[in-house]
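# Topology and contacts: notes
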Amino acid sequence: MELEKGVQRWIVDISKWNPSPDYFASVMSFLPQHEHSPITRFVKMEDRKRALVSRLLQYALVQQVLGIPYDEIIIRRTVEGKPYLEYDDKTGTFPNFNFNTSHDGNFVAIASEPVCLVGLDIANCSIPMKESVDKFIQNFLSYFSNLEWSDIMKADSSYDKLNRFYRYWCLKEAFVKAIGVGVGKRLDNVEFHHSDWNDIFVIVDGTEFNNWRFWLLEMGENHLVSIARGHPATATTNYRATLKQTEFGEKEYKLGLNLPSVHFMFRMVEDLLPVSIVACHHYMDRIDIVSEDGE
Ligand SMILES: CC(C)(COP(=O)(O)OP(=O)(O)OC[C@H]1O[C@@H](n2cnc3c(N)ncnc32)[C@H](O)[C@@H]1OP(=O)(O)O)[C@@H](O)C(=O)NCCC(=O)NCCS
């Protein structure tokens, strides 16, 4: 089904990508100028890599799924910072094509959906070094409902406590990122329920959001990834304005809500560059090799 092509999950392991400064700059030059300063504002190379790959993923995915050439893609951000694609889908194939990226630790990822809102979060589940697990978690008490907090606290070991903490955290982030809220959203009223982290659902201000679905996956060592898929009417006013369709009949909406979720596909940075440019680079590399041989 054509609609299913709008469901994409791509991930890059940036710990394996160590570009020289020149190569980094040449990769960045494939992006429009306005995307450069949000990358170079970071001092640490690891942060620059995350910001660059986050943007490359967005352009490459749009190019692949919608067939828009790299240099014609227009990605803007809402005032809350959530990126969205500006495009006019005359075919109506993907009524609400939207995407969300996340980066933490070794990974940068993107998820897209054709009908529902999508929110993505990666959590690098690091162990606190300067304080005990209890003290660390305590700092975030106000983000959790009483039920979530007691579930975290009743874990048998510090490791398990931390693990539960990150799982709830990751789910909350995916939810707020799907609706497009920035910093400052109250989250103790966003309460997650699960059966051993399957059949996950959310209750917001006492109401179950049964037109949402959530997934929580383990990725590599010590990373969690969560995906939220939900109703466009729940988005912030600004993000809702970027969507084509926010009202659906039940049957029509269920078609989008129940699309199969796909596995994450691992991508290399080179896979994300415009195809013609990669071909050109290979050609230039070959010319370099030939000239080094003095031929
Ligand atoms: C903006 C925010 C959503 C980003 O989350 P984060 O965990 O710091 O970062 P992530 O790596 O998951 O996501 C960053 C990406 O999300 C996207 N993004 C930025 N603002 C966004 C927003 N308001 N909504 C959705 N996505 C957003 C961007 O693509 C960004 O990457 P880029 O700038 O490199 O392109 C976050 O700062 C925030 O406000 N979180 C909610 C607040 C909160 O209280 N969280 C506690 C959870 S218990």
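Throughout, residues of each chain are indexed from 1 in the direction in which the sequence is written. Restriction of local features to residues with pLDDT of at least 70 applies here, the model being predicted, together with a cutoff of 80 or more for giving and counting side-chain atom pairs; totals for whole chains, interfaces and linings are based on all residues.

### Brief notes about the overall build of the protein chain
We apply this condition: Secondary structure is summarised from DSSP: a helix means a run of H or I of at least four residues, a strand means a run of E of at least two, and numbering begins at the N terminus for each. Values of the radius of gyration come from C-alpha atoms, whereas the globule rule sets the reference at 2.2 Å times the count of residues to the power 0.38. With C-beta atoms placed from the backbone, a residue counts as buried when 20 or more other C-beta atoms lie within 10 Å of its own, as exposed when 12 or fewer do, and as partly exposed for counts between those limits.
In terms of helices and strands, the protein chain carries 9 helices and 12 strands. The C-alpha atoms of the protein chain give 21 Å as radius of gyration, which agrees with the globular expectation for 295 residues (19 Å, within 12%). Once the C-alpha set of the protein chain is aligned to its principal axes, its extents read approximately 70 × 50 × 30 Å. Taking all 295 residues of the protein chain together, 35% fall into the buried category.

### Focus: the site of the ligand
Operational definition: Whether a residue is near a molecule or strand depends on its C-beta atom, placed from the backbone, lying within 6 Å of it. Each residue gets one of three labels, nonpolar for Ala, Val, Leu, Ile, Met, Phe, Trp, Tyr, Cys and Pro, charged for Asp, Glu, Lys and Arg, and polar for the others, Gly among them.
The environment of the ligand is formed by 25 residues, the closest being Ser54, Gly81, Lys82, Ser102 and Lys177. Looking at the shell around the ligand, the elements with two or more residues in it are α3 (45-66), β4 (98-104) and α6 (158-179). The residue inventory of the shell around the ligand, partitioned by class, reads 8 nonpolar, 8 polar and 9 charged.

### Some remarks on the UniProt feature "domain: 4'-phosphopantetheinyl transferase N-terminal" (unreviewed entry) in the protein chain
To keep things clear, this is the line we draw: UniProt positions are given in the numbering used here, feature names are shortened, and annotations may be inferred rather than shown by experiment.
With numbering aligned to this structure, UniProt lists the feature "domain: 4'-phosphopantetheinyl transferase N-terminal" (unreviewed entry) at residues 15-114. Split by type, residues 15-114 is 34% helix and 20% strand. Its first and last C-alpha atoms lie 30 Å apart.

### Overview of the sheet that holds strand β6 (residues 117-124)
Put simply, the test is: In this scheme, strands are said to pair when DSSP sees at least two bridges between them. Lines fitted to C-alpha atoms define the axes here, with helix axes fitted over just the stretch in contact, and angles between the N-to-C directions of these axes take values from 0 to 180 degrees. With C-beta atoms placed from the backbone, a contact is any residue pair whose C-beta atoms sit within 7 Å.
Taken together, the 3 strands give an open sheet; going across it, the order is β6-β11-β10, and neighbouring strands pair in antiparallel fashion. Of all the strands in the sheet, just β6 and β10 (213-219) have a single pairing partner and so form its edges. Averaged over all pairs of adjacent strands, the angle between strand axes in this sheet comes to 15°, irrespective of strand direction. Across 8 bridges, the pairing between β6 and strand β11 (residues 223-230) is antiparallel. Looking across to β11, one finds that Leu117 is bridged to Gly230. In the packing of α6 onto the sheet, the strands contacted are β6, β10 and β11, and the crossing angle to β6 comes to about 145°.

### As for the environment of Ala241
With respect to the helices and strands, the residue Ala241 is situated in the loop between α7 (237-240) and α8 (250-257). For Ala241, a count of 11 C-beta atoms within 10 Å translates into the label exposed.

### Section: the nonpolar core
Stated precisely, the cut-off is as follows: A set of buried Ala, Val, Leu, Ile, Met, Phe, Trp, Tyr and Cys residues, joined through C-beta atoms within 7 Å, is what we mean by a nonpolar core.
Among the nonpolar cores identified, the biggest contains 62 residues, and Leu57, Ala109, Val118, Ala174 and Phe175 are the most heavily contacted of them. At 12 residues, α6 tops the list of elements feeding residues into this core. Those residues in contact with Val118, other than ones at most four positions away along the chain, are Asn98, Phe99, Asn100, Ala111, Ser112, Glu113, Ala178, Ile227, Ala228 and Arg229.

### Some words on the sheet that holds β4
Spatially, the 4 strands line up as an open sheet ordered β4-β5-β1-β12, and their pairing is mixed. Bordering the open sheet on either side are β4 and β12 (265-266), each of which pairs with just one other strand. Pairing of strand β1 (residues 8-13) with β12, which is carried by 2 bridges, proceeds in the parallel orientation. Considered in β12, the bridge of Trp10 is made with Met265. Against the sheet, α3 makes contact with β1, β4 and β5 (107-113), and its axis sits at roughly 30° relative to β5, the strand it touches most.

### Some points on the pairing of β10
Across 7 bridges, β10 lies against β11 in antiparallel orientation. Opposite Glu218, over in β11, you have Leu224 as the bridge partner. The hairpin turn running from β10 into β11, its antiparallel successor, is 3 residues long, and Gly220 in that turn takes a positive phi close to 55°.

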